[in-house]
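Observations on the model geometry
The chain contents come next:
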Amino acid sequence: MIKNQKILLGKAEETEVYLDPKQMNRHGFIAGASGTGKTVTLKVIAESLSELGVPTVIADVKGDLSGMIVPGDKSQIQARLDSMGITEEFECRKYPVHFFDLYGTNGHPVRAMMEEMGPELLSRIMSLTDAQQGNLNIIFKAAQDMNLNIIDLKDLQAMCEYVGQHAADYTVKYGNVTKQSIGAIQR
């Protein structure tokens, strides 16, 4: 709920607790035991920011906040509204929600470019050995020198194949390229 362009988070006796939206560019942390209102607090913040026209990205692994897409049931929160002294007309409403999905099957696809991840992070993700990581560094360097972008796995596989086929040339220029390491990266 918004009062005086601030988000009303809660009320204890006569003290109201507000969050200034201007402060939302800072880090925050909401912690507490189960059932203490962490999810509700996050939902109030997200809904209020939406009302103010501020887009919000929330990582909601358990799906607790997905209900924002439909209007709520006022009867379920009437006691809380009464305890906070919110007597003006309160309207349950729905909010615009976009679901993101790494696999692109049940929501908006999330894409991460291989190039942005870089060889070091990819090496960790793929659990590569030091030798294999060295070969991956060479693959990325070769692509950079050729002004080629490694956007997705297909691009990475194509560059692996190319560097593997020209291993002798790249070994002389960058260091030892082995077909075994290239094969391990491909797998």
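Below, the structure is looked at part by part. (Residues numbered from 1 in each chain as written. Predicted model: local features only at pLDDT ≥ 70, side-chain atom pairs only at ≥ 80, totals over all residues. Heavy atoms only, no water.)

**What about the packing of helix H4 (residues 130-145) against helix H7 (residues 179-186)?**
Here H4 crosses H7 at 85 degrees, and the two axes come no closer than 9 Å. Compared by their axis directions, H4 and H7 come out roughly perpendicular. Note on element contacts: H7 touches H4 through Ser181, Ile182, Ala184 and Ile185, opposite Ala131, Gln132, Asn135, Leu136 and Ile139. For the contact of H4 with H7, the per-class residue count stands at six nonpolar, three polar and no charged. (Axes fitted to C-alpha atoms, helices over the stretch in contact; angles between N-to-C directions. Helix = DSSP H or I, 4+ residues; strand = E, 2+ residues; numbered from the N terminus. Parallel < 35°, antiparallel > 145°, perpendicular 65-115°, else oblique. Contact = heavy atoms within 4.5 Å. Nonpolar A, V, L, I, M, F, W, Y, C, P; charged D, E, K, R; others polar.)

**A few points about the environment of Leu153**
Here Leu153 is to be found in helix H5 (residues 153-165). The sequence separation of Leu153 and Gln186 amounts to 33 residues, and the corresponding C-alpha distance is 9.5 Å.

**With respect to the environment of Tyr170**
Secondary-structure assignment places Tyr170 in helix H6 (residues 167-174). Residue Tyr170 is classed as buried on the basis of its relative accessible area of 9%. In the structure, Tyr170 is positioned 78 residues away from Cys92 in sequence and 63 Å away in space, judged by C-alpha atoms. Once residues within four sequence positions are removed from consideration, Tyr170 is found in contact with Ile138, Ala142, Met146, Tyr162, Val163, Gly175 and Val177. (Buried < 20%, exposed > 50% of the residue type's maximum accessible area, 1.4 Å probe, protein only.)

**Details of the side chain of Ser48**
Relative to the assigned elements, Ser48 resides in helix H1 (residues 38-51). Within the structure, the side chain of Ser48 is placed 2.8 Å from the backbone oxygen of Val44, a separation counted as a polar contact. Residues contacting Ser48, with those up to four places away along its chain left out, are Met1, Ile2 and Ile7. (Polar contact = N/O pair within 3.5 Å; in protein donor to acceptor, adjacent residues only side chain to side chain.)

**Looking at a nonpolar patch on the surface**
A cluster of nonpolar side chains, Ile69, Val70 and Phe99, forms an exposed patch at the surface whose accessible area comes to about 250 Å². Counting through the fold element by element, Ile69 comes out in the loop between H1 and helix H2 (78-83). Residue Ile69 is classed as partly exposed on the basis of its relative accessible area of 37%. (Patch = residues over 30% accessible without salt bridge, like charges linked within 9 Å, V, L, I, M, F, W, Y side chains within 5 Å. Areas by Shrake-Rupley, 256 points an atom, 1.4 Å probe, with all protein chains shown as cover. Salt bridge = Lys/Arg side-chain N within 4 Å of Asp/Glu carboxyl O.)

**Digging into the packing of H4 against H6**
Viewed as axis vectors pointing N to C, H4 and H6 meet at an angle of 95 degrees, and their least axial separation amounts to 11 Å. By the angle class used here, H4 and H6 are roughly perpendicular. Contacts from Ile138, Lys141, Ala142 and Asp145 of H4 reach H6 at Tyr170, Lys173 and Tyr174. Grouping the amino acids of the contact of H4 with H6 by side-chain chemistry returns four nonpolar, no polar and three charged.

**Re the nonpolar core**
Leu136, Ile139, Ile150, Leu156, Met159, Val163 and Val177 are the most contacted members of the largest nonpolar core, which has 19 residues in total. Looking at this core element by element, the count peaks at six residues for H4. (Core = buried A, V, L, I, M, F, W, Y, C linked by side-chain atoms within 4.5 Å.)

**Regarding H4**
In this model H4 runs 22 Å from its N-terminal to its C-terminal C-alpha over 16 residues, within 8% of the 22 Å that 1.5 Å per residue would give. Within H4, the full set of buried residues consists of Gln132, Asn135, Leu136, Ile138, Ile139, Phe140, Ala142 and Ala143. Those residues of H4 that are buried lie in contact with helix H3 (114-125), H5, H6 and H7. Where H4 ends, the next residue or the one after it, Asn147, has phi of about 55 degrees, a positive value. (Expected span 1.5 Å × (residues − 1).)

**Observations concerning H3**
Its 12 residues place the ends of H3 only 11 Å apart at the C-alpha level, less than the 16 Å of an ideal helix rising 1.5 Å per residue. Among all positions in H3, only Met114, Gly118, Pro119, Leu122 and Ser123 are buried. The arc enclosing the buried residues of H3, seen along the axis, measures out at 150 degrees, which places them on a common side. For H3, the exposed residues set more than 90 degrees away from the buried face come down to Glu116, Arg124 and Ile125. Of the residues one or two after H3, Ser127 is the one with positive phi, at around 55 degrees. (Arc of directions from axis to C-beta.)

**Considerations on the sheet that holds strand E3 (residues 15-19)**
Taken together, the three strands give an open sheet; going across it, the order is E1-E2-E3, and neighbouring strands pair in antiparallel fashion. Each of the sheet's edge strands pairs with one partner strand only, and the pair in question is strand E1 (2-3) and E3. The pairing of E1 with strand E2 (residues 6-12) spans two bridges and is classified as antiparallel. The residue of E2 that forms the bridge with Ile2 is Ile7. Against the sheet, H1 contacts E1, E2 and E3, and its axis sits at roughly 150 degrees relative to E2. (Pairing = 2+ DSSP bridges.)

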